[in-house]
Amino acid sequence: MFIRCYGKVAKTPYIMPYTKAKIYSLEELCCYIGNNIYTITEDFFRDSLVEWLEKEAGQKELARKLSRMITNRETLKNLVVTILCGCDYYKEKEIREFIRVLDEIVSLPLHEKKKIRADNYMRAGLYAKSLIAYQQLLSGSFAGNFSTESYGNILHNRGLAHFYTASFAEAERDFKEAYTRNHRVESLHHFLYMLLMQGREADFQRSCVSCGMNMAQMEELRKKYMAAIDETDIPESRDDDIDLYKEELRKATNSAV
């Protein structure tokens, strides 16, 4: 995507937290915020961003203003609007729409905000962090705030995180329980894929039959699985990551894993 930049283009990019996207100008920063408005949190506004704006992007006045706002713990909406108004990338009407979205996010209950953060970790590939965040949502005091379907969706996302840390048995259990709660075909298929991935052909066939699938549907699902395998790098077991996750989870929950 081409972005016309009227200000300075930095030689050294700013590396976005979590996503690791590279930003070279204020216009690109605004574009990134706009495209990711639902995932922007207070954590986004860091001293490293202020330093980059001042030293690399040539936005000294904006950097000083943003630094004061961070120190004064200004609201997320004010921080975002300050950046978006720093150049003419977005029109006033578009900025007002972003403000409306931010007002919606701010009004979300705490458990929904924590889910957004957990999902952000997932999107960024920070699977150990996402596992910890999902575990706290599913087992902590927030669990009762989610509907049955929403709880199932969180289980599905935790299953994805388990998959990417090569914890296939845990992923299988999460997808299976997720389907019993959210009744999403996606969760069911992921559960069945995990059975195939673990070489459990008999369990795969038995589960397909119990879900009302005929032989043609079963074979079609198997073809989709094989196609996905050809296009996907299956994660290898990484004991160091799993051990780190477990240790961090112990600290986060103050309980044994």
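The model shown is predicted, which means the values in this text are computed figures rather than measured ones.

Some points on the overall build of the chain
In step 1: On a plain count of helices and strands, the chain comes out with 13 helices and two strands.
In step 2: Out of the 257 residues in the chain, the part that is buried amounts to 42%.
In step 3: If you take every contact in the chain between residues at least 6 apart in sequence, the share linking residues at least 24 apart comes to 54%.
In step 4: Carbon and sulfur atoms make up 48% of the accessible area of the chain, which amounts to about 14,800 Å² in all.

Thoughts on helix H11 (residues 201–210)
In step 1: Considered for burial, the residues of H11 that qualify are Phe204, Ser207 and Cys208. Seen along its axis, H11 keeps its buried residues to an arc of 100°; they face one direction. In H11, the exposed residues that point more than 90 degrees away from the buried face are Arg206, Val209 and Ser210.
In step 2: In the core, the buried residues of H11 are packed alongside helix H10 (185–197) and helix H12 (215–231).
In step 3: Downstream of H11 by a residue or two, glycine 212 has a phi angle that is positive, lying close to 90°.

Thoughts on unusual backbone geometry
In step 1: Even without being glycine, arginine 73 reaches a positive phi, approximately 55°.
In step 2: Take arginine 73: it is sitting in the loop between helix H3 (60–71) and helix H4 (76–84).
In step 3: Judged by relative accessible area, which is 76%, arginine 73 ranks as exposed.

Here we look at a positive patch on the surface
In step 1: Together, Lys8, Lys11, Lys60, Arg64, Lys65 and Arg68 make up a positively charged patch on the protein surface.
In step 2: Assignment of secondary structure puts lysine 11 in the segment before strand E1 (14–15).
In step 3: For lysine 11, a relative accessible area of 82% puts it in the exposed group.

Remarks on the packing of aromatic side chains
In step 1: A full pass over the atoms with the stated rule returns nine aromatic pairs.
In step 2: Here tyrosine 32 and phenylalanine 44 contribute two aromatic rings whose centre-to-centre distance is 6.2 Å and whose plane-to-plane angle is 10°, an arrangement assigned as stacked. A residue pair is termed long-range when its members are at least 10 positions apart, and tyrosine 32 in helix H1 (residues 26–35) and phenylalanine 44 in the loop between H1 and helix H2 (47–55) qualify at twelve residues.
In step 3: Ring centres 4.8 Å apart and planes at 85° place the aromatic pair tyrosine 89 and tyrosine 90 in the edge-to-face group.
In step 4: For tyrosine 89, a relative accessible area of 25% gives the class partly exposed.
In step 5: A network of ring pairs unites the aromatic residues Tyr127, Phe163, Tyr164 and Phe168 as a single cluster.
In step 6: Its end group placed over the ring of tyrosine 121, lysine 129 keeps NZ or CZ at 6.0 Å from the ring centre.

Overview of the confidence of the model for the chain
In step 1: Summary statistics for the chain give a mean pLDDT of 86 and a share of 87% for residues scoring 70 or more.
In step 2: Considering only residues more than four positions removed or in separate chains, one finds that residues 238–242, a stretch of pLDDT under 50, has two contacts.
In step 3: Considering only residues more than four positions removed or in separate chains, one finds that residues 244–257, a stretch of pLDDT under 50, has 15 contacts.

Here we look at the nonpolar core
In step 1: Leu137, Leu192, Phe204, Cys208 and Leu221 are the most contacted members of the largest nonpolar core, which totals 35 residues.
In step 2: Elements with a contribution of two residues or more to this core: helix H6 (110–123), helix H7 (127–139), helix H8 (148–164), helix H9 (168–182), H10, H11 and H12.
In step 3: Among the elements that make up this core, the one with the highest residue count is H10 (seven residues).
In step 4: Of all hydrophobic cores here, the second largest spans 34 residues; its members include Cys30, Met69, Tyr90 and Ile105.

Calculation notes
- Along each chain, the written sequence defines residue order, and numbers are assigned to residues from 1.
- A pLDDT threshold of at least 70 governs which residues receive local features in this predicted model, and a stricter bar of 80 or more applies before side-chain atom pairs are shown or counted, although totals over entire chains, interfaces and linings include all residues.
- Calculation of side-chain values draws on the structure's entire complement of heavy atoms; hydrogens and water are dropped beforehand.
- Segments assigned H or I by DSSP are reported as helices when at least four residues long, segments assigned E as strands when at least two residues long, and all are numbered from the N terminus.
- To sort residues, take the accessible area from a 1.4 Å probe on protein chains only and compare it with the maximum for the residue type: under 20% means buried, over 50% means exposed, and anything in between is partly exposed.
- A contact between two residues is defined here by any heavy atoms of the two lying within 4.5 Å.
- Method for areas: the Shrake-Rupley scheme with a 1.4 Å probe, in which residue coverage is limited to the protein chains shown.
- When we speak of the arc, we mean the arc of directions from the helix axis to the C-beta atoms.
- Candidates for patches are residues over 30% relative accessible area with no salt bridge; among them, like charges are joined within 9 Å and nonpolar side chains (Val, Leu, Ile, Met, Phe, Trp, Tyr) within 5 Å.
- One side-chain nitrogen of Lys or Arg within 4 Å of one carboxyl oxygen of Asp or Glu is enough to make a salt bridge.
- Counting rule applied: Lys, Arg positive; Asp, Glu negative; His and chain ends not counted.
- A charge is said to be at NZ when it belongs to Lys, at CZ for Arg, at CG for Asp and at CD for Glu.
- Ring pairs shown here join Phe, Tyr and Trp side chains whose ring centres sit within 6.5 Å, with only the six-membered ring taken for Trp; geometry is labelled stacked below 30 degrees between planes, edge-to-face above 60, and tilted in between.
- Any Lys NZ or Arg CZ found within 6 Å of a ring centre and within 35 degrees of that ring's normal is scored as a charge over the ring.
- On a range of 0 to 100, pLDDT expresses the predictor's confidence in each residue.
- Residue types Ala, Val, Leu, Ile, Met, Phe, Trp, Tyr and Cys, when buried and joined through side-chain atoms within 4.5 Å, form a set referred to as a nonpolar core.

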